[in-house]
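Coordinate analysis (summary)
Below are the chains, spelled out letter by letter.
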Amino acid sequence: EEKIEAYRRQQSEGIPLVSNMSFSQWANMWVETYKEGRVEAGTIRTIRTRVKKYCGFFGDVPIDNIRQADIMRFFKKHADYSTGYLRMMFADLDQIFTKAQANHLIGTNPMLGLEKPVGKKEKTVKKAYTYDQYRTAVDFAKTHVLGFAPFIMLKTGVRVSELLGLKGSDIDFENYMIHIRRTCTDSDGIKN
């Protein structure tokens, strides 16, 4: 924040702006300043996971030295990711550079005019169970010693991460209700 304030003073006094702040420094500062306290802890972890990818590519390059071609190279390197994931990365980078410009760390935003990337299409088409397959799975889950978790998932539609977050107090047997109040994530912020 001291560096940001120094850059603001430079600009207000008409001193030419030269940013020595690296991309990594600013990207981590962006998370702390603009994300922490505004989004959930799990979302922060997933954002930080993506920011590690950006920092691994751009690293200690001064943020005002990054050009559109550099960003295009970044997306080309990650072209094997899904379109949805690439779009999240695009949105992150756009916010990082937009806020860098708003804080006078860069003169122009290198994201301006860039088209959103397109990644790989999913090879497999997700199919729903047929009713007979569903009944077979539910009937088996009822009789198997480890069948409670699959039974809950099949009957309610909860995700694995939501199932793992359940506590006994979340299940209301009297009213036949399950309250989803939390999810489980691994140490990298990726939902199980």
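Everything below is about the structure shown above.
Regarding the overall build of the chain
The helix and strand inventory of the chain stands at 8 helices and 2 strands. Going residue by residue from the N terminus, the α and β elements of the chain occur as α-α-α-α-α-α-α-α-β-β. Put simply, the chain has 192 residues, and 31% of those count as buried. Contacts in the chain between residues at least 24 apart in sequence constitute 53% of all its contacts with a sequence separation of at least 6. Only carbon and sulfur atoms are counted for the fraction: they give 53% of the accessible area of the chain, which is about 12,700 Å².

Structural notes on the side chain of Glu162
Relative to the helices and strands, Glu162 resides in helix α8 (residues 160–164). If we skip the residues at most four places from it in the chain, Glu162 touches Ile180, Arg182 and Thr183.

So, the packing of aromatic side chains
Inspection of every chain in the model, using the stated rule, returns 10 aromatic pairs. Ring centres of Phe23 and Phe58 lie 4.9 Å apart, and the angle between their planes is 50 degrees; on these two criteria the pair is classed as tilted. Separated by 35 residues along the polypeptide, Phe23 in helix α2 (residues 23–35) and Phe58 in helix α3 (residues 41–58) bring together distant segments of the chain. Each member of the pair, Phe23 together with Phe58, is buried. Pairing Tyr81 with Tyr85 gives two aromatic rings, centres 5.3 Å apart and planes at 70 degrees, and the pair type is edge-to-face. Overall, Tyr81 belongs to the partly exposed group, its relative accessible area being 23%. Residue Tyr85 is classed as partly exposed on the basis of its relative accessible area of 22%. One aromatic cluster is present, formed by Phe23, Tyr54, Phe57, Phe58, Phe74, Phe75, Phe90 and Phe97 through successive ring pairs.

Regarding the packing of α2 against helix α5 (residues 83–102)
Following both chains from N to C, one finds α2 and α5 inclined at 95 degrees, their axes separated by 10 Å at the closest point. Comparing their axes, α5 and α2 come out roughly perpendicular. Across the interface between the two elements, Phe23, Trp26, Ala27, Trp30, Tyr34 and Lys35 from α2 touch Asp92, Leu93, Gln95, Ile96, Phe97, Lys99 and Ala100 from α5. Considered class by class, the residues forming the contact of α2 with α5 number 9 nonpolar, 1 polar and 3 charged.

Re the pattern of salt bridges
If charged atoms from side chains of opposite charge come close, those side chains can pair. Per the stated rule, a full pass over the model turns up 7 salt bridges. For Asp70, the salt bridge is made with Arg73, and the minimal N-O distance between the two is 2.9 Å. Taken together, the residues span about one helical turn, with Asp70 and Arg73 both in helix α4 (residues 68–77) at a distance of 3 residues. We note a salt bridge from Asp139 to Arg135, for which the minimum N-O separation is 2.9 Å. Here Arg135 and Asp139 lie together in helix α6 (residues 131–143), a separation of 4 residues that amounts to about one turn. Among the charged side chains, a salt-bridge network with shared partners connects Asp170, Arg181 and Arg182.

Definitions and cut-offs
Counting of residues starts from 1 at the beginning of each chain's written sequence and follows it residue by residue. For this predicted model, a pLDDT threshold of at least 70 governs which residues receive local features, and a threshold of 80 or more governs which side-chain atom pairs are given and counted, while totals over whole chains, interfaces and linings are taken from all residues. As a rule here, side-chain values come from all non-hydrogen atoms in the structure, and water together with hydrogens is ignored. A run of H or I in DSSP becomes a helix once it reaches four residues, and a run of E becomes a strand once it reaches two; helices and strands are each numbered from the N terminus. A 1.4 Å probe rolled over the protein chains alone gives each residue an accessible area, and that area as a share of the maximum for its type sets the label: buried under 20%, exposed over 50%, partly exposed in between. Note on contacts: a residue pair qualifies if any of its non-hydrogen atoms lie within 4.5 Å across the two residues. Here, Shrake-Rupley sampling with a 1.4 Å probe gives the accessible areas, and only protein chains in the shown set may cover a residue. Each Phe, Tyr or Trp ring, with Trp reduced to its six-membered ring, pairs with another whose centre is within 6.5 Å; inter-plane angles below 30 degrees give stacked pairs, above 60 give edge-to-face pairs, and intermediate values give tilted ones. Inter-axis angles, ranging from 0 to 180 degrees, are taken between N-to-C directions of lines fitted to C-alpha atoms, where helices are fitted over the stretch in contact. Relative orientations are named as follows: roughly parallel for angles under 35 degrees, roughly antiparallel for angles over 145 degrees, roughly perpendicular for angles from 65 to 115 degrees, and oblique for any other angle. Residues are grouped as follows: nonpolar covers Ala, Val, Leu, Ile, Met, Phe, Trp, Tyr, Cys and Pro; charged covers Asp, Glu, Lys and Arg; every other residue, Gly included, is treated as polar. Basic side-chain nitrogens of Lys or Arg form a salt bridge, by our definition, when they fall within 4 Å of a carboxyl oxygen of Asp or Glu.

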